[in-house]
Amino acid sequence: MLLDKNAIHETHYDVLNVKEDASYDEIRASYRSAVLSLHPDKLLKTSDASSSNQTTGDRFLKVQKAWEVLGDSSSRLFYDNELRSSRRDVSAVDVAEDLSLDDMMAEDDGEALELFYQCRCGDYFSIDSLELQKMGYFLLRDESRISILNDDSLPGSVILPCGSCSLKARLVINMDEH
């Protein structure tokens, strides 16, 4: 997943729930499974025509788009090159500060734990536990300390844009600190 302007963007690989080095057959199998479970005809059979069906319909369209790109070898190659390029752009972003989890203030709004750090302009760099969870990081909070868990225990970082100005901060996630 890529972070850009406070939004986390799923890659086509994320949509199909496959690794980036997955074979054509693996991608095709995941696509077929997803399309069968999300197909609009299946939704008509459910009695609830609520917003969850709209969300499922949107998901179906994402799966279709991901397959269009990843199912064709030339478009997949182009997509992979664009993905690598965008990751280089994100990692090469000029940041005003490198932050650790200990630098961040935390606020629990009941639904998620929000981490924030004041920018020199007066606004804040922020990210919440739900956004981090989408990236595979899980926040834990005891009385005085916040720690982070990740399945692979690899360090990582997230670029956090300021809410008002053009400055960015890098939240460095070091798995050795928990």
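Residues numbered from 1 in each chain as written. Predicted model: local features only at pLDDT ≥ 70, side-chain atom pairs only at ≥ 80, totals over all residues. Heavy atoms only, no water.

(A) Representation of the nonpolar core. Judged by nonpolar contacts, the single largest core of 19 residues is most densely connected at Leu115, Ile127, Leu132, Leu139, Leu160, Leu171 and Ile173. Looking at this core, the elements that each hand over two or more residues are β5 (113–118), β6 (124–128), β7 (137–141), β8 (146–150), β9 (156–161) and β10 (168–173). Broken down by element, this core gets its largest block of residues, 3 residues, from β10. Apart from residues lying up to four places away in sequence, Leu171 is in contact with Leu99, Ser100, Leu101, Met104, Ile127, Gly156, Ser157, Val158 and Leu160. Counting 18 residues, the second-largest nonpolar core is a separate cluster that includes Val15, Ala34, Val35 and Leu38. (Core = buried A, V, L, I, M, F, W, Y, C linked by side-chain atoms within 4.5 Å. Buried < 20%, exposed > 50% of the residue type's maximum accessible area, 1.4 Å probe, protein only. Helix = DSSP H or I, 4+ residues; strand = E, 2+ residues; numbered from the N terminus. Contact = heavy atoms within 4.5 Å.)

(B) View of helix α2 (residues 24–38). In a regular helix each residue adds 1.5 Å, so 15 residues correspond to 21 Å; α2 covers 21 Å between its end C-alpha atoms and thus fits that length. Those residues of α2 that sit buried are Ile27, Ser30, Tyr31, Ala34, Val35 and Leu38. Buried residues in α2, looked at end-on, bunch into an arc of 130°, giving them a common side. Across from the buried face of α2, at angles greater than 90 degrees, the exposed residues are Asp25 and Leu36. (Expected span 1.5 Å × (residues − 1). Arc of directions from axis to C-beta.)

(C) Quick peek at the sheet that holds β10. Within the open sheet, the 3 strands sit side by side as β3-β10-β9. Their pairing is mixed. Taken across any chain shown, the strands that pair with only one partner, and hence form the sheet edges, are β3 (97–99) and β9. Strand after strand, the sheet turns through a mean of 25° between neighbouring axes, direction not considered. Pairing of β3 with β10, which is carried by 3 bridges, proceeds in the parallel orientation. (Pairing = 2+ DSSP bridges. Axes fitted to C-alpha atoms, helices over the stretch in contact; angles between N-to-C directions.)

(D) View of the pairing of β9. Where β9 meets β10, 6 bridges bridge the pair, whose relative direction is antiparallel. For Pro161, the partnering residue across the bridge sits in β10 and is Lys168. In this antiparallel pair of consecutive strands, β9 and β10, the connection spans 6 residues.

(E) View of the sheet that holds strand β4 (residues 105–108). Read from one edge of the open sheet, 3 strands run β4-β5-β6, paired in antiparallel fashion. Looking at which strands have only one partner, the edges of the open sheet turn out to be β4 and β6. Taken over all neighbouring pairs, the strand axes of this sheet differ in orientation by 25° on average, direction set aside. Sheet topology places β4 next to β5; 4 bridges connect them, and they run antiparallel. For Ala106, the partnering residue across the bridge sits in β5 and is Leu115.

(F) The arrangement of the pattern of salt bridges in detail. One pass over the structure, following the stated rule, counts 2 salt bridges. As a salt-bridge pair, Asp80 and Arg76 come within 3.9 Å of each other at their nearest N and O atoms. Here Asp80 and its partner Arg76 are both found in helix α5 (residues 73–91), 4 residues apart, which amounts to about one turn of the helix. According to the relative accessible area criterion, Asp80 is buried, its value standing at 16%. We classify Arg76 as buried; its relative accessible area is 15%. The salt bridge involving Arg170 is made with Asp98; its shortest N-O contact spans 2.9 Å. With Arg170 in strand β10 and Asp98 in strand β3, this pair connects stretches of sequence that are 72 residues apart. Its relative accessible area of 18% is what places Arg170 among the buried residues. Judged by its relative accessible area of 48%, Asp98 is partly exposed. (Salt bridge = Lys/Arg side-chain N within 4 Å of Asp/Glu carboxyl O.)

(G) Structural context of the packing of aromatic side chains. Counted according to the given criterion, the structure contains 4 aromatic pairs. Ring geometry for Tyr24 and Trp67: centres 5.8 Å apart, planes at 45°, overall tilted. With Tyr24 in helix α2 and Trp67 in helix α4 (residues 51–70), the pair connects residues that are 43 residues apart, well separated along the chain. Exposure remark for Tyr24: the relative accessible area of 42% places this residue in the partly exposed category. The exposure class assigned to Trp67 is buried, which follows from its relative accessible area of 18%. (Phe/Tyr/Trp six-rings, centres within 6.5 Å; stacked < 30°, edge-to-face > 60°.)

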